[in-house]
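Examination of the molecular architecture
The primary structure of each chain is shown beneath.
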Amino acid sequence: MISALILSKNSEHQLVHTLSALVPASAEGILKEVVIADEGSTDGTEVVADASGAHFIDASADPASALAEGAKKCARSDWVLLIRPGAILQTGWQTEAAAFIERAERVGNGDNLIAVFPSRTEEFGTAAQFKQKLINAKHRTLKSSAHDLPMLVHKEHLHKVLKGSSAKTRQQQIQKILRASRVHWLNGTVVFQNSTR
């Protein structure tokens with residue numbers, strides 16, 4: 001049902017946390033594969049990918065092609081979960097993701113529909129909660145600002161948007177995907193390890 005695509009560069013420690021949060025979905029058969037498209041890491045990212053059983057793609061020769069090359073390797077599912085290292089999806093995310101996919105496919109107008117997991121803070125206090133509300137409001141108002149959030153994208157839509165893309169950076173490519181899509185905000189959330197957001 002879902003292939004996870006993680007774009008990485010020197011993020012071995014963050015990758016461990018992200019992969020750990022994906023394990024329940026794999027155990028339930030919802031997550032069919034994990035592809036790690038690497039933009040030239042010099043740390044142990046490849047070792048972590050190998051230990052987890054993920055497919056590893058070395059895109060160091062052309063980092064701008066990492067997203068497109070990774071999408072091509074997502075062969076076991078029609079839907080791709082784009083997620084960055086350090087993003088930790090919260091318990092139960094896979095149930096909501098599966099329900100979204102089933103609904104999108106049943107309704108049949110999901111060609112350019114994507115689902116995005118909003119972020120939440122792990123900080124305590126009123127100020128931290130207020131700041132998080134402002135961040136989420138910004139993402140909903142200006143959807144290209146949500147480029148760092150995990151999202152579910154139909155593989156055909158992903159290929160279509162990336163084909164002939166002149167965007168040079170990962171951020172620009174994901175912003176292009178967001179601009180070309182109708183966004184559905186999920187109730188499940190993501191937190192970020194060592195977040196500086």
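The text that follows walks through the structure, step by step, so that each part is easy to find. (Residues numbered from 1 in each chain as written. Predicted model: local features only at pLDDT ≥ 70, side-chain atom pairs only at ≥ 80, totals over all residues. Heavy atoms only, no water.)

1. Considerations on the packing of aromatic side chains
Taken as a whole, this structure holds two aromatic pairs when the rule is applied. A ring pair is formed by Trp79 and Phe100, whose centres lie 5.6 Å apart and whose planes are at 80°; its orientation type is edge-to-face. With a gap of 21 residues between them, Trp79 in strand β4 (residues 79-83) and Phe100 in helix α4 (residues 93-107) connect regions that are remote in the sequence. On the numbers, 6.2 Å between centres and 80° between planes, the contact of Trp93 with Phe117 is edge-to-face. Of this pair, Trp93 sits in helix α4 while Phe117 sits in the loop between β6 (113-116) and α5 (126-141), and the two are 24 residues apart along the sequence. Grouping residues by exposure puts Trp93 and Phe117 together as buried. (Phe/Tyr/Trp six-rings, centres within 6.5 Å; stacked < 30°, edge-to-face > 60°. Helix = DSSP H or I, 4+ residues; strand = E, 2+ residues; numbered from the N terminus. Buried < 20%, exposed > 50% of the residue type's maximum accessible area, 1.4 Å probe, protein only.)

2. Observations regarding the environment of Ala128
Looking at the element boundaries, Ala128 is found in helix α5. If sequence neighbours within four positions are ignored, Ala128 has contacts with Thr121 and Glu123. (Contact = heavy atoms within 4.5 Å.)

3. Description of the sheet that holds strand β2 (residues 31-38)
One open sheet accounts for seven strands, arranged β3-β2-β1-β4-β7-β6-β8; its pairing is mixed. Only two strands of the sheet have a single neighbouring strand rather than two, namely β3 (55-58) and β8 (182-185). Taken pair by pair, the neighbouring strands of this sheet meet at an average axis angle of 25°, ignoring direction. The pairing of β6 with β8 spans four bridges and is classified as parallel. Looking at the pairing, Val116 lines up with Trp185 of β8. (Pairing = 2+ DSSP bridges. Axes fitted to C-alpha atoms, helices over the stretch in contact; angles between N-to-C directions.)

Without other data, these values stay purely geometric and don't point to any function.
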